[in-house]
Amino acid sequence: MPRYAMVIDQSRCIGCMACVVACKRENDVPPENYRTRVLEIVQGTYPTLTTEMRSELCNHCDNAPCVSICPTGASHHEEDGTVQIDRKKCVGCKACITSCPYNVRYINEEHGYADKCSFCQHRLREGKKPACVATCVGGSRIFGDLDDPESEVSKILRRVGHRVLKKEVGTGPNIYYINQYPKRA
């Protein structure tokens, strides 16, 4: 069984938002919500400003607080390591939303359940990549199996220094960032 992860090469993201559009279309995400987003983070003072384009989505954490806090078991780990939501079990209590340190969940108001990135689980079952990966024109998003030493994500993570968001919270995220641009000291 694979253990899925995503590597995001920040030096290749051009901020075109094709990933966001592909995700919304593929997963029928309501207009007011997002399963993935691209943040434009500006730092410094004029004239020495820097801008970081950073894609964010569910981190499919190994120690996911959304799973442990869910009172119905709707939020759960699949065998492939991903964190999924069983919509039939979700009561919309929002406990998972408040527990997520990455702020990547929302309530689908029309249907009353929590929602988030699923790594396009339905596409994975068909042998396809997540829609955001398939559409990324810059090749910034790389997806694969961490347990396969020959997968592209495994090779990249062995070769290139990487970071995860909010490492200090101890959730064991499975979204890895490489080539932070602009580089920080």
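Residues numbered from 1 in each chain as written. Predicted model: local features only at pLDDT ≥ 70, side-chain atom pairs only at ≥ 80, totals over all residues. Heavy atoms only, no water.

Per an unreviewed UniProt entry, the protein chain is named 4Fe-4S dicluster domain-containing protein, and its organism is Candidatus Electrothrix aestuarii.

**Quick look at the overall build of the protein chain**
Along the protein chain, the regular secondary structure elements total 6 helices and 10 strands. For 185 residues, the compact-globule estimate of 2.2 N^0.38 gives 16 Å, and the protein chain sits close to it at 16 Å. Seen through its C-alpha atoms, the protein chain measures out along the principal axes to roughly 50 × 40 × 35 Å. Looking at the 185 residues of the protein chain, the share that counts as buried comes to 50%. Residue pairs at least 24 apart in sequence account for 57% of intrachain contacts in the protein chain once pairs closer than 6 positions are excluded. (Helix = DSSP H or I, 4+ residues; strand = E, 2+ residues; numbered from the N terminus. Rg over C-alpha atoms; globule rule 2.2 N^0.38 Å. Buried < 20%, exposed > 50% of the residue type's maximum accessible area, 1.4 Å probe, protein only. Contact = heavy atoms within 4.5 Å.)

**Concerning the sheet that holds strand β10 (residues 175-178)**
Where strands meet in a sheet, backbone hydrogen bonds hold them as pairs that are either parallel or antiparallel. Ordered by their spatial adjacency, 4 strands build an open sheet running β8-β1-β10-β9, and the pairing between neighbours is mixed. The sheet terminates laterally at β8 (141-145) and β9 (162-163), the two strands that pair on one side only. Pairing analysis gives 2 bridges linking β9 to β10, with the strands arranged antiparallel. The residue of β10 that forms the bridge with His 162 is Ile 178. (Pairing = 2+ DSSP bridges.)

**Some words on the pattern of salt bridges**
A complete count under the given rule lists 10 salt bridges for this structure. Two residues, Asp 147 and Arg 3, come together in a salt bridge whose shortest N-O distance is 3.1 Å. You can see Asp 147 sitting in the loop between β8 and α6 (152-159) and its partner Arg 3 sitting in the segment before β1 (4-9), a full 144 residues away along the chain. We classify Asp 147 as partly exposed; its relative accessible area is 46%. Its relative accessible area of 30% is what places Arg 3 among the partly exposed residues. Note that Glu 126 and Lys 128 form a salt bridge whose closest N and O atoms lie 3.2 Å from each other. (Salt bridge = Lys/Arg side-chain N within 4 Å of Asp/Glu carboxyl O.)

**Thoughts on the side chain of Asn 108**
Summarising the element assignment, Asn 108 is placed in strand β6 (residues 106-108). Assessed through its relative accessible area of 5%, Asn 108 is described here as buried. Within the structure, Asn 108 has its side chain in polar contact with the backbone nitrogen of Glu 110 (distance 3.1 Å). A distance of 3.1 Å separates the side chain of Asn 108 from the backbone nitrogen of His 111, its partner in a polar contact. (Polar contact = N/O pair within 3.5 Å; in protein donor to acceptor, adjacent residues only side chain to side chain.)

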